[in-house]
Amino acid sequence: DAGITQSPRHKVTETGTPVTLRCHQTENHRYMYWYRQDPGHGLRLIHYSYGVKDTDKGEVSDGYSVSRSKTEDFLLTLESATSSQTSVYFCAISESRGQNSGNTIYFGEGSWLTVV
Amino acid sequence: GENVEQHPSTLSVQEGDSAVIKCTYSDSASNYFPWYKQELGKRPQLIIDIRSNVGEKKDQRIAVTLNKTAKHFSLHITETQPEDSAVYFCAAPFYKDNDMRFGAGTRLTVKP
């Protein structure tokens, strides 16, 4: 398994509160991603990073922000959590991206977030 | 739109039978097609992938075929076993934004 750890693994929070999920990798991969997984939607990209302090939006970025201050850490923040953000969040990493060789995506174990 | 369509959404087979899951994509420039297996409560894990310079790739009981003209690729599992029961996802990259887009998933149940 790829060296990816997520924390917390499970969290219940109230609507309107801020939440931060952390992803830590030991593979020194350049690219890091946050996906959410919902029934019927598969895995959808929220944000990704292509280097320290370099991030970009994905398919479903509204309501989320990210930061990457070190190669190994990628944080996902919900500034004011809503019930629609109840989901399973997966961090992922890859050496390269898109059509390039080495673009295999490896996933972390997931973080189950419930917003009540 | 730019997405990956995956069928069927659920598939039930008897142990020992074969299972086939198909995905279609829209970006003709896509050249890398991975398949992931996700067991209940676990992370998606890569089980096989194929690049566009080949039409088929096999790894023991699983194989992937690619038809670039028709823009579809399929996962084939032969001699299915109960431990093959899981959700399977296909994916394809899109040239415009380099984003890896995932299918909605197929829940495979292998009945003993």
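See the structure shown above.
First things first, this report covers the structure right here in the doc. (Residues numbered from 1 in each chain as written. Chains lettered and ligands numbered in written order. Predicted model: local features only at pLDDT ≥ 70, side-chain atom pairs only at ≥ 80, totals over all residues. Heavy atoms only, no water.)

**Examining the overall build of chain B**
For chain B, the helix and strand inventory stands at 0 helices and 11 strands. Helices (α) and strands (β) of chain B occur, in sequence order from the N terminus, as β-β-β-β-β-β-β-β-β-β-β. In summary, chain B has a C-alpha radius of gyration of 14 Å against a globular reference of 13 Å for 112 residues, a match within 12%. If one aligns the C-alpha atoms of chain B with their principal axes, the spans along those axes are about 45 × 30 × 20 Å. (Helix = DSSP H or I, 4+ residues; strand = E, 2+ residues; numbered from the N terminus. Rg over C-alpha atoms; globule rule 2.2 N^0.38 Å.)

**What to know about the environment of B:S28**
All names here are of chain B. Following the sequence through the fold, S28 ends up in the loop between β3 (19–25) and β4 (32–38). Assessed through its relative accessible area of 55%, S28 is described here as exposed. Each C-alpha atom, one on S28 and one on F89, is 20 Å from the other, the two residues being 61 residues apart in sequence. Excluding its chain neighbours within four sequence positions, the residues that come into contact with S28 are K68 and K71. (Buried < 20%, exposed > 50% of the residue type's maximum accessible area, 1.4 Å probe, protein only. Contact = heavy atoms within 4.5 Å.)

**Looking at the pattern of salt bridges**
Applying the stated rule across the entire model yields 9 salt bridges over all chains. Between B:R61 and B:D84 there is a salt bridge; the shortest N-O distance is 2.9 Å. Of this pair, B:R61 sits in the loop between β6 (56–59) and β7 (62–67) while B:D84 sits in the loop between β8 (72–77) and β9 (86–93), and the two are 23 residues apart along the sequence. Within this structure, A:R9, A:E109 and B:R43 form a network of salt bridges that share partners. (Salt bridge = Lys/Arg side-chain N within 4 Å of Asp/Glu carboxyl O.)

**Focus: the interface of chain B and chain A**
In this complex, chain B contributes 25 residues to the contact, which on the side of chain A involves 24 residues. Summed over both partners, the interface of chain B with chain A buries about 2,000 Å², with 47% contributed by carbon and sulfur atoms. Where chain B touches chain A, the interface holds 1 salt bridge. Residue B:R43 is joined to A:E109 by a salt bridge in which the shortest nitrogen-to-oxygen separation is 3.4 Å. (Buried area = accessible area lost by both parts, 1.4 Å probe.)

The values reported here are purely geometric and, on their own, carry no functional implication.
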